[in-house]
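So you can see what is in the structure, the chains are spelled out below.
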Amino acid sequence: MSTSEIVLIGIALSMDAFAVCIASSMVYTNMTGPRKLSMPIMFGLFQGIMPILGFFLGSLFATFIDRWSVPISLLILVVIGINIIRRPI
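The numbers attached to residues start from 1 for each chain and follow its sequence in the written order. Local features in this predicted model are restricted to residues of pLDDT 70 or higher, and side-chain atom pairs are both shown and tallied only at a pLDDT of 80 or more, whereas totals for entire chains, interfaces and linings draw on every residue. Values reported for side chains reflect all heavy atoms of the structure, with hydrogen atoms and water molecules removed beforehand.

**Let's talk about the overall build of the chain**
Worth spelling out the cut-off: Elements are defined by DSSP. Helices are runs of H or I of four residues or more, strands are runs of E of two residues or more, and each kind is numbered from the N terminus. All radius of gyration figures rest on C-alpha atoms, and the globule criterion is 2.2 Å times the number of residues raised to 0.38. Burial status follows relative accessibility: with a 1.4 Å probe on protein chains alone, a residue under 20% of its type maximum counts as buried, one over 50% as exposed, and anything between as partly exposed. Areas reported here follow the Shrake-Rupley algorithm with a probe of radius 1.4 Å; residue values treat only the protein chains shown as occluding.
Within the chain, the secondary structure is distributed over 3 helices and 0 strands. In sequence order, the chain lays out its α and β elements as α-α-α. In terms of C-alpha radius of gyration, the chain reaches 20 Å, well past the compact-globule figure of 12 Å for 89 residues. For the chain, the spread of C-alpha atoms along the principal axes amounts to about 50 × 40 × 25 Å. By the burial criterion, 6% of the 89 residues in the chain qualify as buried. On the chain, roughly 7,800 Å² of surface is accessible, and the fraction owed to carbon and sulfur atoms is 77%.

What follows is the structure, given as structure tokens:
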């Protein structure tokens, strides 16, 4: 991944968190000021931690993922294909 892709993903995540915070503030009108302030802080904190956690967990399981990704994805696609064929029109 290039730096520009990472920056764009970061911007997309921040816009998503911003939209959820705005919508939650409109729905829950009886929240206090500190509670309204804690919501965007928590969203930002968790959306900052999750990619870092995913990177480290992904690097821990990289050999397992490399070894079993093709058979598992084949199995998933076969199951989806069988369900599509069996599904009545």
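**Remarks on the packing of aromatic side chains**
Convention followed: Aromatic pairing here means that ring centres of Phe, Tyr or Trp (its six-membered ring) are within 6.5 Å. Orientation follows from the plane angle: under 30 degrees is stacked, over 60 is edge-to-face, and everything else is tilted.
The final tally for this structure, using the stated rule, is 1 aromatic pair. An angle of 70° between the planes, with centres 5.4 Å apart, marks the rings of Phe55 and Phe56 as edge-to-face. Residue classification places Phe55 among the exposed positions, given a relative accessible area of 58%. On the basis of relative accessible area, Phe56 is assigned to the partly exposed category, the value being 49%.

**Things to note about helix 1 (residues 3–27)**
Convention followed: A helix is expected to reach a length of 1.5 Å times the quantity of its residues less one. We call two residues contacting when some pair of their heavy atoms lies within 4.5 Å.
Helix length check: helix 1, at 25 residues, gives a terminal C-alpha distance of 36 Å against a target of 36 Å (1.5 Å per residue), a fit within 8%. The inward-facing, buried residues of helix 1 abut helix 2 (33–60).

**Observations regarding the confidence of the model for the chain**
The predicted coordinates should not be examined in detail at positions where pLDDT is low. Condition: The predictor rates its confidence in each residue with pLDDT, a number between 0 and 100.
Considering every residue of the chain, the mean pLDDT works out to 85; 99% of them sit at 70 or more. Averaged over each element, pLDDT in the chain is lowest for helix 1 (83) and highest for helix 3 (residues 62–86) (92).

**Let's talk about the environment of Val20**
On the secondary structure map, Val20 appears in helix 1. Classification of Val20 as partly exposed rests on a relative accessible area of 32%. Separated by 49 residues in the primary sequence, Val20 and Ser69 have C-alpha atoms spaced 33 Å apart.

**Quick notes on the environment of Leu45**
Relative to the helices and strands, Leu45 is located in helix 2. Take Leu45: its relative accessible area is 44%, and that puts it in the partly exposed class.

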